[in-house]
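# Examining the three-dimensional arrangement
As a plain string of letters, each chain reads:
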Amino acid sequence: MSNALPVTPLDQLTAALRRALPVLPVIAVIALLGLPIAPSGEGGANIADAVSGLVVLCCAVHLLRTRRRPLSATASVVLGLPVVGISVAAAGAADVGAGITGLTRYLQVFVLVPAAVLLLVRDRRDLRLLAWSFVALALWQGAVGVHQYVTGTGASYQGEDVRAVGTFGPTDVMGMATVVAFGVVCAVALALGAAEPRRRTIAVLCALVLLGPLALSFSRGAWIATAVACGAQLVLAGVRRAVKVVAVLVAAGTILVGGLGVGSSMLQERLTSITQVADAPDQSVTDRYTMWAAATGMWREHPLTGVGLKGFPDYRDSHASLALSSGSDIAGAGAAYHKQALLSPHNMYLLVLSEQGLVGLLALAGSWLALLVGALRGLVRSRRPARGAGNSANTGRGTDCALVACGLLVWQLVDFVYADIGGPSTVLTGVVFGVVGWWALMDPSATSAARATAPAAAVRKEAAAR
C-alpha cells in the first residue's frame, strides 16, 4: 500500500515555478514593459533595461552554481561577431561619452542580453513559456491601445488623439506596434505548430484579437514586417496550408472591408500610403528618404568604420537636403505638443553603415545571417523522426518553437528596414535575438535526449554504488 501524499494544486504550482526559475528573470523583463513609461523625448534607459542587466548577472550566477559549460565555439563567434564593429566605431566616436553610451546599448541589445537568454533557456518548454509571455504582453498593450483609440486618448494622428501607443507614450509610437507584432508572430507560430487542439485554438484566437490593435497603431513598417513574417511561417509550416489560410484571409478581408465597410478612413488612407513612396508621399516618408540619403552620404565619406557611434545627429545636417523637416510632431497620450528631433535614419542597416561602416555592417549582418541559417536548419531537424522511432508520432517535435524563432527573426530583419534601435521597447529586441539564438545555436534534440537519459543514468550509477 502506497503512503504517498496526494499532489495539491499548490504543490504543482510550486514545482512549475521551481522548474521555470532560471527563465523567470527574462519573463520579468517582458512583464515590466507593460508598466506605464513617463513621457520623455530622450528615449533613455528604463526599469526593463535595468532588469536586463540583472538577467545577465543571474545568468553568470546560474552558470557558476550549475557549473554548466558556457557558449559553444560557434555560439561565441556568432554572438561575439558584432563586438568587432561596435568596438571600432566606439573608439572612433567624436564624443567619448556618446561613444560609451552607444557601446553599452549595442552590447546590451545584440550581445549580452541574447547570450544571457540563450544560456537561461534550457529546453523547448522554456522557449514556449517565453513565447506565451510575448503574447500576454501583446494582449495587455493591445487592450490599452484599443482603449486609447476608442476614447480618443492616444497619440496625435492627423489632428486627432487616436493613435494606439499602449503604455509607451507618443515618443515611442513604434513600441506598442512592436510588442503587438511580436505577439502576433508568436501566436501564429504556436497555432501552426501546437500538437494540442486546445492550445492551437487559444493561439489562433490570440492572433486574431491582436490584429485589431496592430492596425490601430498606424505603423506601416510593423504591418509590412508582420505580413512578411507570418507569410514565411505559413510557407515553412506547409505550402498547402499556407494557400488555404491566405485564401480564407483574402475572402474575410474582402467581406469585412469591401462588403461591410469595416475600417476607418484613417486606416484605409494609411494602408494606401504604403504604395505612395514616389508619387506624392507624405512628410514622414519624405523625411525618411532624406535621412536615408544622409546616412548613405556619411558612409561614402567614411566607408570602412563610419562616423562613430552616436555620430549620425552631428553629421545629419551637413548631408541632408532641405526637404528634411525640423522634426516629428508629438502630442497626445499624456504629453504636451512638441517637436521630436530626427536623430536617426529609421533604418537599422543604414544607421550601422553610417556609424560603423562596412566593418560594423558586415559583422552585424553576418551574425544575423548565421542565426537565420541556424534557425532554418533547426526547423528541418525538428521535423525528422527520432532515431529508433518508426512512427510519425515522433515527427514535428518542436515545430512551434522553430516557427517562433524563424518568425521573430524574419520580422526583426524586415522591420529594420523601417526602424532602428531606440526607445523603451528596444530591450525586447535583445530578448528576441536570445530566443532565436537558443533555437539556432543550441541543439534542442540533443538537449532533450540528454535530459531524457539523465534519470536512467542516475539510477544505474546508484545501483552500481550499492
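The rules behind each value
Within any chain, residue numbers begin from 1 and follow the written order of that chain's sequence. Under the rules for a predicted model, residues below a pLDDT of 70 receive no local features and side-chain atom pairs below 80 are neither given nor counted, while totals for whole chains, interfaces and linings still include all residues. The side-chain figures draw on all heavy atoms in the structure; neither hydrogens nor water molecules are used. What counts as a helix is a DSSP run of H or I of at least four residues, what counts as a strand is a run of E of at least two, and both are numbered from the N terminus. Multiply 1.5 Å by the residue count of a helix minus one, and that product is the helix's expected span. One fitted axis covers the seven residues ending at a residue, a second covers the seven starting there, and the bend at that residue is the angle between these axes. Here a polar contact means two N or O atoms within 3.5 Å. Within protein one must be a hydrogen donor candidate and the other an acceptor candidate, and residues neighboring in sequence count only if both atoms are side-chain atoms. A patch consists of residues exposed above 30% relative accessible area that lack any salt bridge, with like charges linked at up to 9 Å and nonpolar side chains (Val, Leu, Ile, Met, Phe, Trp, Tyr) linked at up to 5 Å. Computed with the Shrake-Rupley method and a 1.4 Å probe, the accessible areas treat only the protein chains shown as cover for residues. When a carboxyl oxygen of Asp or Glu lies within 4 Å of a side-chain nitrogen of Lys or Arg, that pair is called a salt bridge. In these notes, a set of buried Ala, Val, Leu, Ile, Met, Phe, Trp, Tyr and Cys residues joined through side-chain atoms within 4.5 Å is what counts as a nonpolar core. Type-normalised accessible area, obtained with a 1.4 Å probe on protein chains alone, sets the label of each residue: buried when under 20%, exposed when over 50%, and partly exposed for intermediate values. Only heavy atoms matter for contacts: two residues are in contact if any of them lie within 4.5 Å across the pair. Stacked, edge-to-face and tilted labels apply to pairs of Phe, Tyr and Trp rings (six-membered ring for Trp) whose centres lie within 6.5 Å, assigned for plane angles under 30 degrees, over 60, and everything in between, in that order. Directions drawn from the helix axis to the C-beta atoms are what define this arc. Only the contacting stretch of a helix is used when fitting its axis, a line to C-alpha atoms as for every element, and angles between N-to-C directions run 0 to 180 degrees. Side-chain classes follow a simple rule in which Ala, Val, Leu, Ile, Met, Phe, Trp, Tyr, Cys and Pro form the nonpolar group, Asp, Glu, Lys and Arg form the charged group, and the remainder, Gly included, forms the polar group. Here, a strand pair is defined by DSSP locating no fewer than two bridges between the strands.

Here helix H15 (residues 348–382) is 35 residues long, yet its end C-alpha atoms lie only 31 Å apart, well below the 51 Å a rise of 1.5 Å per residue gives. Of all the bends in H15, the greatest measures close to 130° and is centred on Gln 356. Sitting at the amino-terminal end of H15 is Asn 347, which places a side-chain oxygen 3.0 Å from the backbone nitrogen of Tyr 349.

A cluster of nonpolar residues, Leu 81, Val 84, Val 88, Leu 304, Leu 358, Val 359 and Leu 362, forms a patch on the protein surface that exposes about 560 Å² of accessible area. Those elements giving two or more residues to the nonpolar patch turn out to be helix H5 (82–91) and H15. Broken down by element, the nonpolar patch gets its largest block of residues, 3 residues, from H15. Examined against the element boundaries, Leu 81 turns out to sit in the loop between helix H4 (73–80) and H5.

What follows concerns the nonpolar core. With 113 residues, the main nonpolar core has Tyr 106, Phe 110, Leu 130, Phe 134, Met 348, Leu 408 and Val 435 as its most contacted residues. Per element, the largest residue contribution to this core is 15 residues, and it comes from helix H8 (residues 173–193). With near-sequence residues (within four places) excluded, Leu 130 lies in contact with Val 23, Val 26, Ile 27, Ile 30, Val 117, Val 121 and Val 435.

Turning to the environment of Ala 194, a few remarks are in order. Within the secondary structure layout, Ala 194 lies in the loop between H8 and helix H9 (197–216). Residue Ala 194 is classed as buried on the basis of its relative accessible area of 13%. On a C-alpha basis, the gap between Ala 194 and Asp 400 in space is 5.9 Å, while along the polypeptide they are 206 residues apart. Ignoring any residue separated from it by four or fewer positions in sequence, one finds Ala 194 in contact with Arg 199, Arg 200 and Asp 400.

Moving on to the side chain of Thr 290. For Thr 290, the location among the structural elements is in helix H13 (residues 283–301). Residue Thr 290 is classed as buried on the basis of its relative accessible area of 7%. Residues in contact with Thr 290, not counting those within four places in the same chain, are Ala 320, Ser 321, Ala 323 and Leu 324.

Here we take up the packing of aromatic side chains. If you walk through the whole model with that rule in mind, you get 12 aromatic pairs. Residues Phe 110 and Phe 433 carry aromatic rings whose centres are separated by 5.7 Å and whose planes lie at 65° to one another, so their mutual orientation is edge-to-face. Here Phe 110 is found in helix H6 (residues 96–120), whereas its partner Phe 433 is found in helix H17 (residues 426–441), with 323 residues between them in sequence. Here Phe 110 matches Phe 433 in class, with each residue buried. Here the aromatic rings of Trp 368 and Phe 433 are separated by 5.8 Å at their centres, their planes lie at 15°, and the arrangement is stacked. Placement of the pair is Trp 368 in helix H15 and Phe 433 in helix H17, with a sequence separation of 65 residues. Feature note: the residues Tyr 106, Phe 110, Tyr 349, Trp 368, Phe 416 and Phe 433 constitute an aromatic cluster, connected by ring pairs.

Turning our attention to the pattern of salt bridges. Evaluated as defined, the whole model comprises 6 salt bridges. A salt bridge links Asp 49 to Arg 105; the nearest nitrogen and oxygen atoms lie 2.9 Å apart. Here Arg 105 lies in helix H6 and Asp 49 lies in helix H3 (residues 47–66), a separation of 56 residues in the sequence. Comparing Asp 49 with Arg 105, the two get one shared label, buried. Arg 316 serves as the salt-bridge partner of Asp 317, at 3.0 Å between the closest nitrogen and oxygen.

Here the focus is helix H2 (residues 24–32). Regarding H2, the residues found buried are Val 26, Ile 27, Val 29 and Ile 30. Down the axis of H2, the buried side of the element spans an arc of 150°, and every buried residue falls inside it. The secondary structure elements touched by the buried residues of H2 are H3, H6, helix H7 (124–151) and H17.

Bringing the packing of H4 against H5 into the picture now. The description of two packed helices rests on the angle between their axes and on the distance between the axes. Where H4 meets H5, the axes come as close as 5 Å, and the angle between the chain directions of the two elements is 35°. For the pair formed by H4 and H5, the contact residues are Val 78, Leu 79 and Gly 80 on the first element and Pro 82, Val 83 and Val 84 on the second. Of the residues contributing to the contact of H4 with H5, the split by class is 5 nonpolar, 1 polar and no charged.

A word on the pairing of strand E2 (residues 160–163). Judged from the 3 bridges that link them, strand E1 (residues 155–157) and E2 form a sheet pairing that is antiparallel. Its bridge partner lying in E2, Ser 156 is registered against Asp 161. Counting the residues that bridge the hairpin from E1 to E2 gives 2 residues, and of these Gln 158 lies at a positive phi of roughly 55°.

The analysis is restricted to geometry; functional conclusions fall outside its scope.
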